[in-house]
Structure formats: structure tokens, C-alpha cells
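# Survey of secondary and tertiary structure
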Amino acid sequence: MSRSCFELVYFDSKGYAEPIRILLHLGGHKFTDTRLTRGSSRFEAALKESPGGVLPLLRGNGIVACQSKACTRYVAALAGYIGSTPEENLRVDMFVDELYDLIAAYDEVVHETNLKIKEDKKAKAYEKNGYFRKYLRYLEDMIEDGPFILGDKMTWGDIVIMSFLELKQTPQYGRPDLLADFPKLHRQYEAVRDDINVKFWLEIRPRTLK
């Protein structure tokens, strides 16, 4: 069976594009991993081409698309990493949307330019009664038997949160002990990374700080 060729345009980082890269790899699709420098002429051209003026930008199979969740879900469907029923897809979508609520809340830290205020906001977000742990508890409770959202079936939602937690367990961008009180999320994280095809991608991908 022939596979479509794609080009994924993003920055030289994991960010919102990494789950798309992983799923393109899992689906056996050849793809050009275009990494741009913010402010460059190619970056500005990509923004103009993007239907929503944002990156990541996905080209191929007759489409030009943006918005990370939409592109991730689309590539997941091509690769077979979605639910088997509308109800299963609802559970995955609910999980991912909850995660994106956390990401949106944490934007106050990401976009803060004053370093002292940034560290104060980060500390408050991660404290015991902070919103970071509140959202992780919601996500933990959405996993039933595990290790994945849908039990033994890995989907794009599991890959999205693995990519997110990979960064948030580093000292610079999060807390190394972040999942100490969340055994289901920890098991999910390790199960995704132990998948033989995911593991291969993690070994061959370009090394970036974030």
C-alpha cells in the first residue's frame, strides 16, 4: 500500500508539532520535517500560506492545513491511532481538550517576560494546590484500566500527552517528580515511550532543547 508524502513546517523544537511527527512516522508516511527560524523570510512565507496564520503547517495528500490538534487528529486517522467508535473518539477528544486547557492556563508562565515574575508564576502553578496538579488529577481520573486512554489501545491522545510531559518533567521547564502522585499518567507515559515504533522515532529524531 502506498503512503502519502507530507511536509510538516514548524520551528526547530518539539512543541505542538512533535505528536504529528511521531504519528507520521507510525503511519509509515514519508515526510519532510521543515524547521524554520522565527522571523526568517521562510517563516513569514509559511505564516502567509497557513489558512489560520499559525504553525504547524501540514502540506500533502491534497491539503494545506494548520492548527495542531486538527493536524494531529487527521494524521492519527490516517495511521489508525484513533478510537473504533464515536464514543471512544469522544473519550480521546475529551482527554486532549482537558490537556489543552492546562496548556492554555500555563501560557501565563510561558509568555511572561519578567524573569522573577515568571518564576513566581511557575512556582504557584506547580504547588500542591496549584492548577497544574488540578488538571493532572482530572487527566489521571480519565484513564480507567490503562495503560492508555482506551485501555490497551494507544491513540493520538496518549502520544500528545507523552510529548507534553516529556518537556514538563525536565528541571528547566517543569518538575522531574511531576508524576510522582499520578501513577496512571506515569504508566501511560512509559507505555507510549516503550512502543517499539515510538521508541525508534525518539532515537532518530533531531536533538532539541525543547
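This write-up is about the structure you can find in this document. Predicted model, so just to flag it, every value in this text is computed and none were measured. (Residues numbered from 1 in each chain as written. Predicted model: local features only at pLDDT ≥ 70, side-chain atom pairs only at ≥ 80, totals over all residues. Heavy atoms only, no water.)

## Quick look at the overall build of the chain
Check the secondary structure of the chain and you find nine helices and four strands. Relative to a compact globule of 210 residues, whose C-alpha radius of gyration would be 17 Å, the chain shows 17 Å and is just as compact. For the chain, the spread of C-alpha atoms along the principal axes amounts to about 50 × 45 × 30 Å. Here the chain holds 210 residues, and the buried ones make up 46% of them. Put simply, 68% of the contacts in the chain that link residues at least 6 apart link residues at least 24 apart. On the chain, roughly 10,900 Å² of surface is accessible, and the fraction owed to carbon and sulfur atoms is 53%. A gap of 5 Å separates the mean positions of the 31 positive and 31 negative side-chain charges of the chain. (Helix = DSSP H or I, 4+ residues; strand = E, 2+ residues; numbered from the N terminus. Rg over C-alpha atoms; globule rule 2.2 N^0.38 Å. Buried < 20%, exposed > 50% of the residue type's maximum accessible area, 1.4 Å probe, protein only. Contact = heavy atoms within 4.5 Å. Areas by Shrake-Rupley, 256 points an atom, 1.4 Å probe, with all protein chains shown as cover. Lys, Arg positive; Asp, Glu negative; His and termini not counted. Charge placed at Lys NZ, Arg CZ, Asp CG, Glu CD.)

## Describing the layout of surface pockets
Counted as a void, the largest pocket has a volume near 1,100 Å³. Among the elements of the structure, strand 1 (5-11), helix 2 (41-49), helix 4 (86-110), helix 5 (115-126) and helix 7 (156-168) are those that each provide at least two residues to the lining of the largest pocket. The element contributing the most residues to the lining of the largest pocket is helix 4, with seven residues. Along the lines of polarity and charge, the residues of the lining of the largest pocket split into 19 nonpolar, six polar and nine charged. (1 Å grid on protein atoms, 1.4 Å probe; cavity = no way out; pocket = protein on both sides within 12 Å on 5 of 7 lines; lining within 4 Å. Points joined across faces, edges and corners; volume = space filled by probe spheres on them. Nonpolar A, V, L, I, M, F, W, Y, C, P; charged D, E, K, R; others polar.)

## Some words on the pairing of strand 1
Within strand 1, five of the seven residues are buried, leaving the element largely enclosed by the surrounding structure. Once you follow strand 1 into helix 1 (residues 18-26) and on to strand 2 (residues 30-36), the crossover reads as right-handed. Sheet analysis places strand 1 next to strand 3 (residues 57-60), joined by four bridges and oriented antiparallel. Bridge pairing links Glu-7 to Arg-59 in strand 3. (Right-handed = clockwise from strand over helix to strand, strands pointing away. Pairing = 2+ DSSP bridges.)

## Some details on the packing of aromatic side chains
How two aromatic rings sit relative to each other is set out by the distance from centre to centre and by the angle between their planes. Following the criterion strictly, the structure yields ten aromatic pairs and no others. Relative to Phe-132, the ring of Tyr-126 lies with its centre 4.4 Å away and its plane at 20°, an arrangement referred to as stacked. The class for Tyr-126 is buried, based on a relative accessible area of 8%. Under the relative-accessibility criterion, Phe-132 is labelled buried at 0%. For the ring pair Tyr-135 and Tyr-138, a centre distance of 6.3 Å and an interplane angle of 80° mean the geometry is edge-to-face. Here Tyr-135 pairs with Tyr-138, and both are found in helix 6 (residues 131-142), just three residues apart, close to one helical turn. Owing to a relative accessible area of 14%, Tyr-135 belongs among the buried residues under this scheme. You can call Tyr-138 partly exposed: its relative accessible area is 42%. Feature note: the residues Tyr-106, Tyr-126, Phe-132 and Phe-164 constitute an aromatic cluster, connected by ring pairs. In this arrangement the basic side chain of Lys-69 is found over the ring face of Tyr-100, its NZ or CZ atom lying 4.9 Å from the centre. (Phe/Tyr/Trp six-rings, centres within 6.5 Å; stacked < 30°, edge-to-face > 60°. Lys NZ or Arg CZ within 6 Å of the ring centre and 35° of its normal.)

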